[in-house]
Amino acid sequence: MILTAKWILPITSEPIEDGAVRVLDGKIVALGKKVALTQSYLEEERLDFGQAVILPGFVDAHTHLEFSIFRGICDDLPFSHWKLQLTKKSNSLSWNDWKISAELGVLEAIQSGITCIADITATGASLEAAKKGGLRGIIFVEVSEMNHLKVGEVLSEAKEKVAQWRDKTKNTNLKIGISPYSVYNACPQLFQKVSEYACKEKLLLGLHLAGSKDEYNFVKYGSGPLANEYRELKGWQNLLWQPLGVSPVKYLENWDVFEAEVLAVHCIQVNDYDIDVLKRYGVSIAHCPKCSAKLGMGVAPLSKFLKRGLNIGIGTDSPASNNTMDFFDEMRVGLLLQRGIAQDVNELSAKKFVELATLGGAKALRLEREIGSLEEGKKADLIAVDLSHSHQVPAMEPYSALVYTANQENILLTMVGGKILYLNGEYKTIDAKEVLELSEPIRRKLR
Ligand SMILES: [Zn+2]
């Protein structure tokens, strides 16, 4: 199949104007000028997107698809209160509800040009939905427990889950990771044991780290809503928790958690020492600019991370906190926040954000050999974005047009491993009408 458009953005090389990509057996086999490629393969099926850009699919370096049904349910709350609400309301959902909710997330991901996800899930609903939708990604088994006496039991359950989920993802585009959720719901012994296990099994370890000020205060001073209301809600109020006097990053360093390959989400409450630690251990960061701003968590020092050479991907963190999984919004808000804070227009570029959204995410998930750029031999995970609308014309420069003018409705094609998941408004792997209909009664339950 030959895909053609006004622009091809390979990311690792210069844009190709009036370009084409040839896809064969799930892989990219050639890139070049439209005229040359189409003439060489006259008999081959062709898809022309016109005034559009073809680029690698977006890598959502952090999400929870199963929480999609919470869109707009816990709005305008500070982080800890949002988390409390979410935890309370979660109790009313059945397995089937979680599954529909995750499918709702998959619908949006596919329609937003997200081809790869890093998803933390306790129920496994994200795995089922991502598999059904045909997404690529890493599904992280969520582990949480604050009682150190229960660590053995929780770890065996997690190991069993990893084995089962690995079975379920055989011959799919999905891999399994493990996630001690965060410092406020996994005790240090659990972190340490999971890290040892992740090293042994070569699993990527995902965790939320140094996100809110409340998390920082919980670790350093043993105070705040995460030390009180949240622990009470989880039934951990009688377990001893003492102020540790250090930052969340330093705390986990002390427990050797970074010995594993780690994907840390947020990393907002970090100082220069913490950034050095993250660099020293090769920790990747999932940067979630919109969610962090919306919950009042702050703005991560992205420029510092990039100057130190850390692997950075962009994450949406699910519609429960962020309301949409629009990657264009994510790039736009992410870039503008950094520039606004730096008071410097040279602080990061549209091109850099497109790179973070694709190749950066692939590197953060250790998948850059397979995806993240359009190169011969890589998996055909790619998208086409329309640039022909009144809010976009004239699109002079593809990177600027993508970041400053495009939105999720402009996605024309989402392809994973050469398979079309979405084309010109039509879903190919999932019944959108059914998912939307089934979502409504769950939404009523949550109100
Ligand atoms: Zn998250």
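Since this is a predicted model, take the numbers as computed values, not measurements.

A closer look at the side chain of Thr4
Mapped onto the elements, Thr4 comes out in strand E1 (residues 2–8). A polar contact is formed between the side chain of Thr4 and the side chain of Asp48, at a distance of 2.7 Å. Excluding residues that lie within four positions of it along the chain, Thr4 makes contacts with Gly19, Ala20, Lys34, Thr38, Leu47, Asp48, Phe49, Gly50 and Ile54.

What about the packing of aromatic side chains?
Per the counting criterion, the structure on display carries 12 aromatic pairs. Taken together, a centroid distance of 5.2 Å and an interplanar angle of 80° make the contact between Phe67 and Trp98 edge-to-face. You can see Phe67 sitting in the loop between strand E6 (58–63) and helix H2 (79–90) and its partner Trp98 sitting in helix H3 (residues 95–111), a full 31 residues away along the chain. The exposure classification of Phe67 matches that of Trp98, with both residues buried. In textbook terms, an aromatic cluster arises when at least three aromatic residues are bridged by ring pairs, as seen for Phe79, Trp82, Tyr184 and Tyr230. The ring of Tyr41 carries the charged tip of Arg22 above its face, separated from the ring centre by 3.7 Å. The ring centre of Tyr216 lies 4.5 Å from the NZ or CZ of Lys213, which sits over that ring.

A look at the coordination of the zinc ion
Within the first shell, the zinc ion binds the protein through His62 (NE2), His64 (NE2), His208 (NE2) and Asp317 (OD), at distances of 2.0 to 2.2 Å. What the 4 donor atoms of the zinc ion show is an angle range of 84 to 166° at the metal, which sorts the shape as irregular. Mapped onto the sequence, the residues coordinating the zinc ion show the spacing H-x1-H-x143-H-x108-D. Here His64, found in the loop between E6 and H2, pairs with Asp317, found in the loop between strand E13 (312–314) and helix H13 (319–322); they are 253 residues apart in sequence, far enough to count as distant. On the accessibility criterion, His64 (4% relative accessible area) is buried. Classification of Asp317 by relative accessible area gives buried; the value is 5%.

Looking at the environment of Gly309
Mapped onto the elements of the fold, Gly309 is located in the loop between helix H12 (302–307) and E13. Expressed as a C-alpha distance, the spacing of Gly309 and Gly282, which sit 27 residues apart in the sequence, is 9.4 Å.

Topic: empty space enclosed by the protein
Enumeration according to the criterion identifies 3 cavities of 30 Å³ or more in this entry. When its volume is computed, the largest cavity comes out at roughly 90 Å³. In terms of lining residues, the largest cavity is bounded by 15 residues, among which Phe79, Tyr184, His208, His266 and Met297 are the most central. Take the lining of the largest cavity: its biggest share by element is 3 residues, from H2. The residue inventory of the lining of the largest cavity, partitioned by class, reads 7 nonpolar, 5 polar and 3 charged. Quantified by volume, the second largest cavity comes out at close to 40 Å³.

Conventions used here
Residues numbered from 1 in each chain as written. Predicted model: local features only at pLDDT ≥ 70, side-chain atom pairs only at ≥ 80, totals over all residues. Heavy atoms only, no water. Helix = DSSP H or I, 4+ residues; strand = E, 2+ residues; numbered from the N terminus. Polar contact = N/O pair within 3.5 Å; in protein donor to acceptor, adjacent residues only side chain to side chain. Contact = heavy atoms within 4.5 Å. Phe/Tyr/Trp six-rings, centres within 6.5 Å; stacked < 30°, edge-to-face > 60°. Buried < 20%, exposed > 50% of the residue type's maximum accessible area, 1.4 Å probe, protein only. Lys NZ or Arg CZ within 6 Å of the ring centre and 35° of its normal. Donors = N, O, S within 2.8 Å, 3.2 Å for Na, K, Ca; no water. Tetrahedral: all angles 85-135°; square planar, octahedral: opposite > 155°, others 65-115°. 1 Å grid on protein atoms, 1.4 Å probe; cavity = no way out; pocket = protein on both sides within 12 Å on 5 of 7 lines; lining within 4 Å. Points joined across faces, edges and corners; volume = space filled by probe spheres on them. Nonpolar A, V, L, I, M, F, W, Y, C, P; charged D, E, K, R; others polar.

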